Protein chains: 2
Amino acid sequence: MTEIKRRINEWIKEHREEGTDLLQRMVQAPSTQGNEAGAQAIVAEKLKEMGLQVDIWEPDGADLKKHDYFYSPRSDFSNSPNVVGIMKGTGGGRSIILNGHIDVVPDGDRNQWDDDPYSGAIKDGKMFGRGVTDMKGGNVSLILAMQALKESGLSLKGDVIFQSVIEEESGGAGTLAAVLRGYGADAALIPEPTNMKIFPKQQGSMWFRISVKGRSAHGGTRYEGVSAIEKSMIVINHIRTLEEQRNARITDPLYANTPIPIPINLGVIEGGNWPSSVPDLVKVEGRMGVAPEETMEQAKQEMADWLVQLEERDDWFKEHPPILEWFGARWVPGAIDAEHELMNALIHQYRQVAGEDPVIEASPWGTDGGLLTHVGETPAIVFGPGATEVAHYPNEYILLDNVFSTAEIIALTLVQWCGLEVGQEETHQEKIANRK
Amino acid sequence: MTEIKRRINEWIKEHREEGTDLLQRMVQAPSTQGNEAGAQAIVAEKLKEMGLQVDIWEPDGADLKKHDYFYSPRSDFSNSPNVVGIMKGTGGGRSIILNGHIDVVPDGDRNQWDDDPYSGAIKDGKMFGRGVTDMKGGNVSLILAMQALKESGLSLKGDVIFQSVIEEESGGAGTLAAVLRGYGADAALIPEPTNMKIFPKQQGSMWFRISVKGRSAHGGTRYEGVSAIEKSMIVINHIRTLEEQRNARITDPLYANTPIPIPINLGVIEGGNWPSSVPDLVKVEGRMGVAPEETMEQAKQEMADWLVQLEERDDWFKEHPPILEWFGARWVPGAIDAEHELMNALIHQYRQVAGEDPVIEASPWGTDGGLLTHVGETPAIVFGPGATEVAHYPNEYILLDNVFSTAEIIALTLVQWCGLEVGQEETHQEKIANRK
């Protein structure tokens, strides 16, 4: 393996500039929801250059909508294609899906960016731009891994199915479309921005909205009303208790270093419409984490049951229970067995390249991994070069060194997982023999 | 006085239908901000019919803006006239301003109205419609009071200055314009909806906005952020304590039956923009009551000083103090002396007509009374027929009997306050003498 490792390492060193250029071009093609075509064209062109069997198609919204696991604010995906490139194996090996999303979240407040959000600017070994860390850097690691193998003359036995999907940020419709199109494999790797940590378990999440009622009155006689703001504070504290309880149950050592493994985040609050009136309605919206081993239905039920107990905190809720709704995007949780062969391969190759043990944790956020695991029957691991903490923020960046280390680690992992074509291994043995 | 009382009482009985019709026509002319012209035309026509000296003018926004006490979301009052009608006295008597606003608040949610919000429908002795209680019913009481005196042949010594003003609901620009136009008097009456209570003191109020900061993070790793929602809850509790302290200081017996004399109402809350993110900004808007005896500047200072103490509740506020702004409409507090002659007159005539003592309290909300008191140097009492609890709400209504009782009480109060023309009193004496 040492020879293979050396070959891949050298190839990647020699192709850093080319890889950096590819990433920069991809970042400079803004691919927010609905605008993915440009970036996808760059990817498709690259895959074709590499000689892969390329499949480009626009997901069929009407069809997707029928699926239980479909979620998107839209159902028309015209001009929003998925791209799949297959590096066919020679046969008899394990297959793998390499999945990365092409869509990026909006730039946010432009005033907070030092450069244009799509600059692709490089400073001090970092490349900047919306999507570079989440997750075009990871996508480029996948592409470079495949290209390194191909151009180093290393043929794998198992198929490698590279997927550049839309809609991950909006609920997974792109990956779902790929699953329904028939793409499956023995396992999958998703290089979402993990700061080079390995996540064999991924948290799911769902969005909820809770509407809390009050009773209107003139602000000058506010005691005649019931403030929905005050009542919402009781609800918020109640939810905090639920979060504590849910997390107290988590004993998985993968979460040992996570302060709150399965958080319930309150992200939006909105209520009342007149400073001089007692507000009679407040809505809070948030994100409930779903543990890798529970189902979304279990989590929903627990929240609903918990809210009923508000009556015990305050009589008001007996006659005016808050209304709970689930809406918007949700990410299915996923878990791969800790002893899964792909885990072993990835951990081993990480050590080989990085010279130290990887950090292994459960992910704090959702990815398309759950969809691949539960709908695609393709267990997935999440591992990538991006910097978690800057994903979705201004001045998003990635450490270019990580992109290339990841490419190297993944290339070697593919060799171990998919296996090398018979004959290549002999060549390797011959070389060792000949050196002696 | 008994003869005068009888005359007025009869006149009003005979003119109930006419008065009801006038009120209905006024209600059916929707006069929300910017749309006052139609209702004002009805008023102006009525005043002219009564033979009053009528002044109609559109306030000059450019001029008004220079005044410290000006507040309105607009500064262009084209097609939004004030109307003033003067019933000239014969001389030597005290003058009075009878002030009522013509503007009404928006209808709100139409689905909650049983009839059209401007129906003027009459059922069971009540008339329904936006503005009927706040405060067209009161305005009609004023008009009927003046008309009763005129048509009963009763000439007053002092001038009666009737004002139908715009913009009360938006901060008093109409009354301010009337003050700046030169209208002043020895005292004023404002028939806002008090449920027939007499308010010699009126609360002021100001709108505030408090912006509370947090620190953004992904919801799945919410512990890396600081929730502005959580911090805003601390601020809200802190404000509740301030309200308790301010109200503990209130010893005025006029507030004996008021649960919270000077409330601080939180009316609007808004923060965060993404369920999956820790919110980094929450804004609360509310209304701070200003006690009749304090100034608005004192109240503002107390709030500012109090917010500084948040540091003691939570370290976060040391580096991230919330930002306090005062914005929007404010109502100047006002107070007339409890022994003021107009108070005595009004209380006396109330007893005469109602046969029982009036309820005397401090008002829980602002009116233009403070402007008249402090800027116009015209001390004001608030007393009117409308139903406080339905002002600004759907299915707003007024008890028609109260409109007519109020007209009677005010007419008699005008007689006592302004004094009757010399000669008329003799006629009255003559009658008494003649009966003996």
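So, a few notes on the structure that sits alongside this text. Since the model is a prediction, treat every value here as computed from it, not as a measurement.

Here we take up the overall build of chain A. Along chain A, the regular secondary structure elements total 14 helices and 16 strands. Computed over its C-alpha atoms, the radius of gyration of chain A comes to 24 Å, within 12% of the 22 Å expected for a compact globule of 436 residues. Counting only C-alpha atoms, chain A reaches 95 × 45 × 45 Å along its principal axes. Looking at chain A as a whole, 61% of its 436 residues qualify as buried. Sequence-distant contacts, at least 24 apart, represent 83% of the contacts inside chain A between residues at least 6 apart. Total accessible area on chain A stands at roughly 16800 Å², and carbon and sulfur atoms take up 45% of it. In chain A, the 41 positive side-chain charges and the 65 negative ones have mean positions that sit 1 Å from each other.

Before going further, it helps to spend a moment on the pairing of strand 9 (residues 204-213) of chain B. All names here are of chain B. Where burial is concerned, most of strand 9 is hidden: nine out of the 10 residues are buried. Of the strand pairs in this sheet, strand 9 and strand 11 (residues 281-290) are connected by 10 bridges, and their pairing is antiparallel. Residue pairing in the sheet places glycine 204 in a bridge with valine 290 of strand 11. Of the pairings in the sheet, the one linking strand 9 to strand 12 (residues 323-331) comprises seven bridges and is antiparallel in character. Counted as the bridge partner of tryptophan 207 is phenylalanine 327 from strand 12.

Turning next to the interface of chain A and chain B. Facing the 44 residues of chain A at the interface are 44 residues of chain B. Together, the buried faces of chain A and chain B total about 3800 Å²; carbon and sulfur atoms form 63% of this surface. Of all residues in chain A, the largest losses of buried area upon contact with chain B belong to Arg222, Ile269 and Pro275 of chain A, amounting jointly to 17% of the total for that side. Put simply, chain A and chain B have four salt bridges between them. Here arginine 240 of chain A makes a salt bridge to glutamate 230 of chain B, at a shortest N to O gap of 2.7 Å. If you look at where chain A meets chain B, you find 18 residue pairs in polar contact (both at pLDDT 80 or more). At the level of elements, helix 7 (228-248), strand 10 (264-271) and strand 11 (281-290) of chain A are the ones that each hand at least two residues to the side of chain A that touches chain B.

The rules behind each value
Residues numbered from 1 in each chain as written. Chains lettered and ligands numbered in written order. Predicted model: local features only at pLDDT ≥ 70, side-chain atom pairs only at ≥ 80, totals over all residues. Heavy atoms only, no water. Helix = DSSP H or I, 4+ residues; strand = E, 2+ residues; numbered from the N terminus. Rg over C-alpha atoms; globule rule 2.2 N^0.38 Å. Buried < 20%, exposed > 50% of the residue type's maximum accessible area, 1.4 Å probe, protein only. Contact = heavy atoms within 4.5 Å. Areas by Shrake-Rupley, 256 points an atom, 1.4 Å probe, with all protein chains shown as cover. Lys, Arg positive; Asp, Glu negative; His and termini not counted. Charge placed at Lys NZ, Arg CZ, Asp CG, Glu CD. Pairing = 2+ DSSP bridges. Buried area = accessible area lost by both parts, 1.4 Å probe. Salt bridge = Lys/Arg side-chain N within 4 Å of Asp/Glu carboxyl O. Polar contact = N/O pair within 3.5 Å; in protein donor to acceptor, adjacent residues only side chain to side chain.

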